[in-house]
Amino acid sequence: MDSLPLWLLVVVFVAGAAVIWVAGIQLSKTTDVLDDRLRLGSALGGLIVLAVATNLPEIAITVSAGLSGSIEVAAGNILGGIALQTVVIAVLDLFGKRGKGVRPITYRAASLTLVLEAIVVVAVLAVVIAGSQLPGDLVIARLTPDVLLIAAIWVVGLLLVQRASKSLPWKESGRAPDASPHRAGHRTRAPQQPPMSTRKAAIVFTVSALATLVAGVVLEQAGDAASGQIGLSGVLFGATVLALATSLPEISTGLQAVKQGDDNLAMSDIFGGNAFLPVLFLVATLLSGKAVLPQANASDVYLTALAALLTLVYAVGLVFRPERRIAGMGIDSFVVVLLYLLGVAGLVAITLG
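Participant: Can you walk me through the packing of aromatic side chains in this structure?
Facilitator: Pairs of aromatic rings are described using the distance from one ring centre to the other and the angle between the two planes. The final tally for this structure, using the stated rule, is one aromatic pair. An angle of 55 degrees between the planes, with centres 5.2 Å apart, marks the rings of Trp154 and Phe276 as tilted. Of the two residues, Trp154 sits in helix H7 (residues 145–166) while Phe276 sits in helix H11 (residues 263–276), which places them 122 residues apart along the sequence. Under the relative-accessibility criterion, Phe276 is labelled buried at 6%. One cation-aromatic arrangement involves Arg321 over Tyr107; the distance from NZ or CZ to the ring centre is 3.8 Å.

Dropping the structure here:
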């Protein structure tokens, strides 16, 4: 795509983003139906299916970048995507439910299960930072110990979240008073009425998944070519424009979830996806045969720290449950937006420097 003019690359990029938006909505609908019909529900299998489904754009981009050797774009998209998808919670807080007397999303969705999910995200990001300091030749059977540890933490985190969603040795099983009445989990849509048949759901899911995979590859290639023509670094592009495009499924399904009153489920979907994204470094390592994290530059480590900081802000918000709103959102969401904007400014300084 390097030979295409810039305007055509922009058109292709926007078209790919539109496909991801539409396909993401269909993936959410059909995943919900399949969870019900196959009796996965909030079990481990259901959590894995939805984590993969909602992150298909990132998977496609990681596979494409890993095969082409563009590890910089893959790393920037994954780590920048975590930071930006955390900001999606602020978007849901601002636009999901408005009106007089409406409390912030962390007040409505508060539960210890969500705090646990946020801790899992921070734990995974801590391993990413530690892995960036390992020697680059520590590769055995096309794998490195850091990506294996990330995958292990993700699996253990899923098991803990699954157990916590059933019961916790706390009053009201760790649920806060006046919180959203829906049970914590990773589902973001109510079953459709009338219900879709299992066969139709499977077909729509498969087609939507393939469309998302193709669109993800197109986004990565068109975006990489466009960023090169305008002189934008791969890290900065992957952490901002590309991360925003691949976050469209979370935005669309999250807004719908909040409007339906599933506030805790919307936040759980964001945290669950953020914990899953670093697992893609294992895929990138397998495909490239190189130790990905030791090649991380200052921008990658910076984005990882930013994502952890934003996640901790929401973890604190879930504990203290602020009732005050600033600029239409909770205090914690307002702080997250400010920190992210400052973070992007710092990222620009790093890449230009």
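Additional details are given in the paragraphs that follow.
Participant: Any chance you could explain the pattern of salt bridges here in plain terms?
Facilitator: Oppositely charged side chains can pair when the atoms bearing their charge come close. This model, assessed by the stated rule, comprises three salt bridges. Among the salt bridges present, the one from Asp93 reaches Arg325, with a minimum N-O distance of 3.8 Å. Of this pair, Asp93 sits in helix H4 (residues 71–95) while Arg325 sits in strand S1 (residues 325–326), and the two are 232 residues apart along the sequence. Take Asp93: its relative accessible area is 0%, and that puts it in the buried class. For Arg325, a relative accessible area of 25% translates into the label partly exposed. The partner of Arg108 in a salt bridge is Asp263, and the shortest N-O contact between them spans 2.9 Å. Residue Arg108 is found in helix H5 (residues 105–108), and its partner Asp263 is found in helix H11; the two are separated by 155 residues along the sequence.

Participant: Help me understand a nonpolar patch on the surface in this model?
Facilitator: Taken together, the side chains of Leu6, Val10, Val14 and Ile230 present a nonpolar region at the surface, about 340 Å² in accessible area. Here the element with the most residues in the nonpolar patch is helix H1 (residues 6–37); it accounts for three residues. As for its placement among the helices and strands, Leu6 is situated in helix H1.

Participant: Explain the environment of Ile140 here, please?
Facilitator: As for its position among the elements, Ile140 is in the loop between helix H6 (112–131) and H7. When the C-alpha positions of Ile140 and Ala291 are compared, they lie 9.7 Å apart, and in sequence the two are 151 residues distant.

Participant: So what exactly am I meant to see when it comes to helix H3 (residues 56–68) here?
Facilitator: Two residues of an α-helix separated by three or four positions point the same way, owing to the 3.6 residues in each turn. Here H3 spans 18 Å end to end across 13 residues, near enough to the 18 Å set by a 1.5 Å rise per residue. By the criterion of burial, H3 is predominantly enclosed, with 10 of the 13 residues buried. Those residues of H3 not exposed but buried are Leu56, Pro57, Glu58, Ile59, Ala60, Ile61, Thr62, Ser64, Ala65 and Gly66.

Participant: When you look at the packing of H6 against H7 in this model, what are you seeing that I'm missing?
Facilitator: Each pair of packed helices gets described by two things: the angle between the helix axes and the distance between those axes. In contact at an axis separation of 10 Å, H6 and H7 are set at 175 degrees when each is read in the N-to-C sense. By the angle between their directions, the pair H6 and H7 is classed as roughly antiparallel. Contact residues: Thr113, Leu116, Glu117, Val120, Ala123, Val124, Val127, Val128 and Gly131 in H6; Asp146, Leu149, Ile150, Ile153, Gly157, Leu160, Val161, Ala164 and Ser165 in H7. Tallied by class, the residues present in the contact of H6 with H7 amount to 12 nonpolar, four polar and two charged.

Participant: Looking at this structure, how should I read the nonpolar core?
Facilitator: Among soluble globular proteins, nonpolar side chains are generally buried collectively. Membership of the largest hydrophobic core comes to 80 residues, with the highest contact counts inside it found for Met267, Phe271 and Phe281. The element that contributes the greatest number of residues to this core is H4, accounting for 11 residues. Setting aside its immediate chain neighbours within four residues, Met267 contacts Ile89, Ile105, Thr106, Ala109, Leu114, Tyr314 and Leu318.

Participant: Is there a simple way to think about the environment of Ala284 in this case?
Facilitator: Tracing the sequence through the fold places Ala284 in helix H12 (residues 280–288). C-alpha of Ala284 to C-alpha of Ala75: the two residues are 209 residues apart in sequence and 9.1 Å apart in space. If we skip the residues at most four places from it in the chain, Ala284 touches Thr62, Gly289 and Val292.

Each value, and the rule that gives it
- All residue numbers refer to positions counted from 1 along the written sequence of the respective chain.
- Predicted model: local features are reported for residues with pLDDT of at least 70 only, side-chain atom pairs are reported and counted for 80 or more only, and whole-chain, interface and lining totals are derived from all residues.
- Derived side-chain values reflect all non-hydrogen atoms in the structure, with water molecules and hydrogen atoms excluded from consideration.
- Note on aromatic pairs: the rings of Phe, Tyr and Trp (six-membered ring only in Trp) are paired at centre separations within 6.5 Å, and the planes decide the class, stacked below 30 degrees, edge-to-face beyond 60, tilted for the rest.
- Put simply, DSSP marks the helices as runs of H or I at least four residues long and the strands as runs of E at least two long, and each gets a number from the N terminus on.
- The cut-offs for exposure are 20% and 50% of the maximum accessible area for each residue type, with area from a 1.4 Å probe on protein chains only; residues under the lower value are buried, those over the upper are exposed, and the others partly exposed.
- Working rule: Lys NZ or Arg CZ, within 6 Å of ring centre, within 35 degrees of ring normal, means a charge sits over the ring.
- Should a side-chain nitrogen of Lys or Arg be within 4 Å of a carboxyl oxygen of Asp or Glu, the pair is scored as a salt bridge.
- Patch definition: residues with relative accessible area over 30% and no salt bridge; like charges joined within 9 Å; nonpolar side chains (Val, Leu, Ile, Met, Phe, Trp, Tyr) joined within 5 Å.
- Accessible areas in this description were obtained via Shrake-Rupley with a 1.4 Å probe; residue shielding takes into account the shown protein chains only.
- A helix is expected to span 1.5 Å multiplied by its residue count minus one.
- Orientation is described by axes fitted as lines to C-alpha atoms, over the contacting stretch for helices, and by angles from 0 to 180 degrees between their N-to-C directions.
- When an angle is under 35 degrees it counts as roughly parallel; over 145 it counts as roughly antiparallel; between 65 and 115 it counts as roughly perpendicular; any other value is oblique.
- Residues count as neighbours in contact if any of their non-hydrogen atoms are within 4.5 Å of one another.
- Three classes are used: nonpolar for Ala, Val, Leu, Ile, Met, Phe, Trp, Tyr, Cys and Pro, charged for Asp, Glu, Lys and Arg, and polar for all others, with Gly counted as polar.
- In this description, a nonpolar core means a group of buried Ala, Val, Leu, Ile, Met, Phe, Trp, Tyr and Cys residues linked to one another through side-chain atoms lying within 4.5 Å.

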